[in-house]
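# Structural characterization, general
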Amino acid sequence: MGGLDLSEIDTGDLVREVQRRLECLSKPEKRLILIGPPGSGKGTQSPMIKNENCLCHLATGDMLRAAVAAKTPLGLEAKKAMEAGALVSDEIVVGLIEDNMKRPECRTGFVLDGFPRTVVQAQKLDEMLQHKGQTIDRVLNFAVRDQLLVDRITGRWVHPASGRSYHEKFAPPKVAGVDDVTGEPLVKRKDDNAETLKSRLSAFHAQTAPVIAYYKEKVVHIKADKAQGEVAGQVRRALA
Ligand code: AP5
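How each quantity is defined
- Residues numbered from 1 in each chain as written.
- Predicted model: local features only at pLDDT ≥ 70, side-chain atom pairs only at ≥ 80, totals over all residues.
- Heavy atoms only, no water.
- UniProt positions renumbered as here; feature names shortened; annotations may be inferred.
- Disulfide = S-S within 2.5 Å.
- Helix = DSSP H or I, 4+ residues; strand = E, 2+ residues; numbered from the N terminus.
- Buried < 20%, exposed > 50% of the residue type's maximum accessible area, 1.4 Å probe, protein only.
- Pairing = 2+ DSSP bridges.
- Axes fitted to C-alpha atoms, helices over the stretch in contact; angles between N-to-C directions.
- Contact = heavy atoms within 4.5 Å.
- Near = heavy atom within 4 Å.
- Polar contact = N/O pair within 3.5 Å; in protein donor to acceptor, adjacent residues only side chain to side chain.
- Areas by Shrake-Rupley, 256 points an atom, 1.4 Å probe, with all protein chains shown as cover.
- Nonpolar A, V, L, I, M, F, W, Y, C, P; charged D, E, K, R; others polar.
- Core = buried A, V, L, I, M, F, W, Y, C linked by side-chain atoms within 4.5 Å.

In the annotation of an unreviewed UniProt entry, the entry for the protein reads adenylate kinase, and the organism field reads Chlorella variabilis. Word for word, the UniProt comment on the protein under Function (unreviewed entry) is "Catalyzes the reversible transfer of the terminal phosphate group between ATP and AMP. Plays an important role in cellular energy homeostasis and in adenine nucleotide metabolism." Listed under Catalytic activity (unreviewed entry) in UniProt, the entry text for the protein is "AMP + ATP = 2 ADP".

Our focus in this paragraph is the state of the cysteines. Scanning the model with the defined rule gives 2 disulfides in all. Each disulfide pairs two cysteine sulfurs, and for cysteine 56 the partner residue is cysteine 106, the sulfurs being separated by 2.1 Å. Taking the sign of the S-S torsion, about 105° here, the bridge from cysteine 56 to cysteine 106 comes out right-handed. One end of the pair, cysteine 56, is in strand E2 (residues 56–59); the other, cysteine 106, is in the loop between helix H5 (90–100) and strand E3 (109–113), with 50 residues separating them in the sequence. Residue cysteine 56 shares its accessibility class with cysteine 106, and that shared class is buried.

Spatial ordering of the open sheet is given by E2-E3-E1-E4-E7, a layout of 5 strands whose pairing is parallel. Two strands close off the open sheet at either side, each with one partner strand: E2 and strand E7 (219–223). Averaged over all adjacent pairs, the angle separating strand axes in this sheet is 20°, with direction ignored. Two elements, strand E1 (residues 30–35) and strand E4 (residues 138–143), share 4 bridges in a ladder whose sense is parallel. What sits directly across from leucine 34, in E4, is leucine 140. Along the sheet, helix H3 (residues 60–69) makes contact with E2 and E3, crossing E2 at roughly 65°.

Taken together, 36 residues surround the ligand, and among them Thr44, Ala86, Arg117, Arg156 and Arg200 come closest. In the environment of the ligand, a nitrogen atom lies 3.4 Å from a nitrogen or oxygen atom belonging to the side chain of arginine 152. Here the ligand has 1000 Å² of accessible area as a free molecule, and 96% of this is covered by the chains. For the shell around the ligand, the elements supplying multiple residues, two or more each, are helix H2 (42–53), H3, helix H7 (146–154), strand E6 (164–167) and helix H9 (228–239). If one sorts the elements of the shell around the ligand by residue count, H3 sits on top with 4 residues. Here the residues of the shell around the ligand sort into 15 nonpolar, 12 polar and 9 charged.

This next bit is on the nonpolar core. If you look at the biggest cluster of nonpolar residues, it comprises 32 residues, and the most contacted ones within it are Leu112, Leu125 and Tyr215. Every element with two or more residues in this core is listed here: E1, E2, H3, helix H4 (73–84), H5, E3, helix H6 (119–131) and helix H8 (194–214). If we ignore the near neighbours within four places in the chain, the residues touching leucine 112 are Leu32, Ile33, Leu34, Leu58, Ile97, Met101 and Leu125. In terms of nonpolar packing, the next biggest core, distinct from the first, is built from 20 residues, Leu34, Leu55, Leu201 and Val231 among them.

In structure tokens, the structure reads:
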């Protein structure tokens, strides 16, 4: 079992995991895309969508940040664009998605967070899925006015290892500056400042908004300017 000693795992945790996996057997396959400007709540809602629908969560931003932190050749290439608030090349992100979709937990579906972000990426994704006889089921468009996003982005704190995000006003951690689950320190993302946000929003409107039209038959519009719980309710209804 790859060195894993099950006797070391708490019985309650083990039973809950087995129950979860049994419940997952009855869930339909789902392939979902989340589109929205920076700070619209894609990363916040993803864990709920993933857990309740038994999907894998593929976030290109998280993958790229991990590559930058590990100083891999891909990370070094992506770093400059990310810090400037521009998009990384289609080739890099399509490769990342193609590799990660092979993970066993993606077999019965996925939630794509931050991908595709250009029409070319959407076309490549369609080609990838067509080869496997699969298709995208639903595209959730997290709509928020630009003005609201400045507060959301400048007040965000993240736990880099898990991708969990907090907000100093809207979703504070139990203890300031510390991740609720691991107790590890929270950090600010380098691109989370008002200046870089302007470039990220320009990239969104110019390059990503056309992806919403590309998927027009599959899009459900989410009013993502509402409180987190209300957004979660809209998402659940959209996926029911
Ligand atoms: P990425 O990491 O994908 O960043 P993003 O799209 O800019 O999105 P964010 O993570 O900023 O926002 P989010 O919608 O997840 O918001 P969150 O839920 O955290 O990409 C980073 C960079 O990587 C890009 O700029 C690009 O360079 C590159 N990249 C990534 N993918 C790429 C691709 N496919 N192609 C090319 N380049 C790519 O919420 C934000 C804050 O608001 C949090 O603090 C949260 O607590 C709070 N909040 C959430 N919901 C609510 C609510 N309803 N009410 C109040 N506060 C809320």
